[in-house]
Amino acid sequence: MGQCSPSFSPGDFRSMPQATGAGWTLSFDTVRWGASLSAWQGGFGIGSMRLPIHAAGELMLLVANDHDAPEPENEVEITLHKADGSKALLERIGRLATKRVFAQVSEGDEVEISEVYAKIRVDDVLLSCTGQSEPSKAGQAVACKIGQRVLVQENGHPIGHGEIETVVNSNEAVVAFVRSGTNPRLRFHWQSFSAQDMSLDDDGGADGNTETGCASFEGSGSKVGLVIVADAQFRNSYELQIDSLRCFASKHNYDLWMLKRTSYSACDMYKDFFFKKHCMVSHLLSERPADYTVVVVDADVVAVNLERGLEDWVSAGTDLQFYEREMTHEIAAGNYIARNTPFAREFLMGWANFELNGRRGPGYSSADNGAIHIHLVESLGLGGSASCSTLYHALKHDVTDLSEYFRFVKCTMDLLGGPKIWSLDGGTQVKIWG
């Protein structure tokens, strides 16, 4: 197989035969195959993987270090060994970091990814050979749509073929990068790009030769969107669960919003991921049409019944919907429904602000899960909420003793009085399911 052949896939790590067939040699005692490759050598042994280059061109690698150890040896190194015997260090990747690396390569070179006390994750590898047709935008430019295949460039570098998955606005869309093969598990890496970074890939993208650029993006027109807030590590860990949600959203023509920690700079003040999540959902709503409804779910949620849609819940017309957990009899914070109304957006921001307002006690408060209880009883104006607030602020035990935490939760749940719909001024409604 030639490295300039359309079928050459140096980033296909579904199995050892796929990787070795592309030319990789690996020296690790632990390797995990899949949408991305994860590999490491135990202890302080050196683990490495090498790919010989048989054609001149530009090599792109998307590589991460998934090890969280603070030791200085926790680094992934990417090195280019030149055909003349010299070598160049392309990148060092520290703990929990991800880097996209570009290198001009020649026939006879070899790229090496190595680690001493790190965990290598290779998300993508792409070789663009010298002399291959470059994408051109000299031709027509059109409004691109969800579901279309595109060739994406970044800073003038082709970085891969993908599919437009979500339209953020008329000039920005989220692309799901697609590898060779038909397995949906290979669609695992999402990133947003502007219209000028994309060209249509209608012919399958074998050589990237297309003259139709994206001038703008058309929205889906859906009034419902699923929202998942998860960084790359969790997206990889829960890729099968996310794939089920992707299928569910596609079947019912719902938007699927994949937000990450850095999606909204206005939420950078929040350092706790769980509180920041609600800030980002509020800002997402503010960009959507009036009454647009988001169904916020954790990344580990599985869509089991693909036939049944969300209409029974969305059609309720309430501003916010939560549910009570069966086992612990507390309100769940990870999954909820919010309609784009001023009350819902303000409620979500108020929830996020519990990280900043100093009301949490020094003990275990279950982050946003504890905060939602006091935020609900106060926002609904329920009498007796001050007593619950006192219990919340006085939490002092750690996670090994949850007695005072559940005493606080019981105080709020007694005020809420079980599943019901609360109607507030101006037609606002909040529903809690049992």
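Residues numbered from 1 in each chain as written. Predicted model: local features only at pLDDT ≥ 70, side-chain atom pairs only at ≥ 80, totals over all residues. Heavy atoms only, no water.

**Focus on the overall build of the protein chain**
Argument step 1. Within the protein chain, the regular secondary structure consists of nine helices and 24 strands.
Argument step 2. In the protein chain, which comprises 434 residues, the proportion classed as buried is 49%.
Argument step 3. Carbon and sulfur atoms form 50% of the exposed surface of the protein chain, whose accessible area is close to 19,100 Å². (Helix = DSSP H or I, 4+ residues; strand = E, 2+ residues; numbered from the N terminus. Buried < 20%, exposed > 50% of the residue type's maximum accessible area, 1.4 Å probe, protein only. Areas by Shrake-Rupley, 256 points an atom, 1.4 Å probe, with all protein chains shown as cover.)

**Let's talk about the state of the cysteines**
Argument step 1. Enumeration according to the criterion identifies three disulfides in this entry.
Argument step 2. One disulfide in the model links Cys-144 with Cys-214; its S-S distance is 2.0 Å. On the sign convention where negative is left-handed, the bridge of Cys-144 and Cys-214, at about -100° about the S-S bond, is left-handed. Of this pair, Cys-144 sits in strand S11 (residues 141-144) while Cys-214 is found in strand S17 (residues 213-217), placing the two residues 70 residues apart along the sequence.
Argument step 3. Cys-144 sits in the buried class, given a relative accessible area of 0%.
Argument step 4. Each sulfur of the disulfide joining Cys-388 and Cys-411 lies 2.0 Å from the other. One disulfide, between Cys-388 and Cys-411, carries an S-S torsion of -90° and so falls in the left-handed class. Residue Cys-388 is found in helix H8 (residues 385-393), and its partner Cys-411 is found in helix H9 (residues 403-416); the two are separated by 23 residues along the sequence. Across the pair, exposure class does not vary: Cys-388 and Cys-411 are buried alike. (Disulfide = S-S within 2.5 Å.)

**Quick notes on the packing of helix H4 (residues 273-286) against helix H7 (residues 367-379)**
Argument step 1. Packing of H4 against H7 brings their axes to within 7 Å, and their N-to-C directions diverge by 60°. In this view, H4 runs oblique relative to H7, as classed from their interaxial angle. Across the interface between the two elements, Phe-274, Phe-275 and His-278 of H4 pack against Ala-367, Asp-368 and Ala-371 of H7. (Axes fitted to C-alpha atoms, helices over the stretch in contact; angles between N-to-C directions. Parallel < 35°, antiparallel > 145°, perpendicular 65-115°, else oblique. Contact = heavy atoms within 4.5 Å.)

**Regarding empty space enclosed by the protein**
Argument step 1. Taken as a whole and judged by the stated rule, the model has one cavity of 30 Å³ or more.
Argument step 2. Every residue along the wall of the largest cavity is listed here: Ile-146, Thr-166, Val-167, Gly-219, Ser-220, Asp-255, Trp-257 and Arg-288.
Argument step 3. Counting only elements with at least two residues in the lining of the largest cavity, the list comes to strand S13 (157-169) and strand S19 (255-259).
Argument step 4. When its residues are assigned to classes, the lining of the largest cavity shows three nonpolar, three polar and two charged. (1 Å grid on protein atoms, 1.4 Å probe; cavity = no way out; pocket = protein on both sides within 12 Å on 5 of 7 lines; lining within 4 Å. Points joined across faces, edges and corners; volume = space filled by probe spheres on them. Nonpolar A, V, L, I, M, F, W, Y, C, P; charged D, E, K, R; others polar.)

**Re helix H3 (residues 239-251)**
Argument step 1. For H3, which comprises 13 residues, the first-to-last C-alpha distance of 18 Å matches the rise-based estimate of 18 Å (1.5 Å per residue) to within 8%.
Argument step 2. For H3, every residue scored as buried is listed here: Glu-239, Gln-241, Ile-242, Asp-243, Ser-244, Leu-245, Arg-246, Phe-248 and Ala-249.
Argument step 3. Remark: Asn-253 follows H3 within two positions and exhibits a positive phi of approximately 60°. (Expected span 1.5 Å × (residues − 1).)

**What to know about the nonpolar core**
Argument step 1. Counting 49 residues, the largest nonpolar core has Val-227, Val-294, Phe-322, Trp-351 and Leu-416 as its most contacted members.
Argument step 2. For this core, the element with the most residues is H4, which contributes seven residues.
Argument step 3. Sequence-distant contacts of Phe-322, that is, excluding residues within four places in its chain, are made with Ile-331, Ala-332, Tyr-336, Phe-347, Trp-351, Ile-372, Leu-376, Lys-431, Ile-432 and Trp-433.
Argument step 4. In this structure, Phe-13, Leu-61, Val-63 and Leu-127 belong to the second largest nonpolar core, which totals 29 residues. (Core = buried A, V, L, I, M, F, W, Y, C linked by side-chain atoms within 4.5 Å.)

**Details of the confidence of the model for the protein chain**
Argument step 1. For the protein chain, per-residue confidence averages 86 on the pLDDT scale, and residues scoring 70 or more make up 90% of the total.
Argument step 2. Ranking the helices and strands of the protein chain by mean pLDDT puts strand S22 (residues 336-339) first, with 98, and strand S15 (residues 189-194) last, with 74.
Argument step 3. Ignoring residues within four places in sequence, the model shows residues 132-138, a span with pLDDT below 50, making 25 contacts including any to other chains.
Argument step 4. Predicted confidence is poor over residues 203-210, with pLDDT under 50, and the contacts of this stretch with residues over four places away or in other chains come to 16 contacts. (pLDDT = per-residue confidence, 0-100.)

**Quick word on the sheet that holds strand S18 (residues 224-229)**
Argument step 1. The mixed open sheet is built from seven strands, whose spatial order is S19-S18-S20-S22-S21-S24-S23. Looking at strand neighbours, the two that pair on one side only are S19 and strand S23 (420-423), the edges of this open sheet. Each strand of the sheet is rotated relative to its neighbour by a mean of 20°, with strand direction disregarded.
Argument step 2. Sheet topology places strand S21 (residues 320-323) next to strand S24 (residues 429-433); four bridges connect them, and they run parallel. Paired with Tyr-323 across the two strands is Trp-433, which belongs to S24. (Pairing = 2+ DSSP bridges.)

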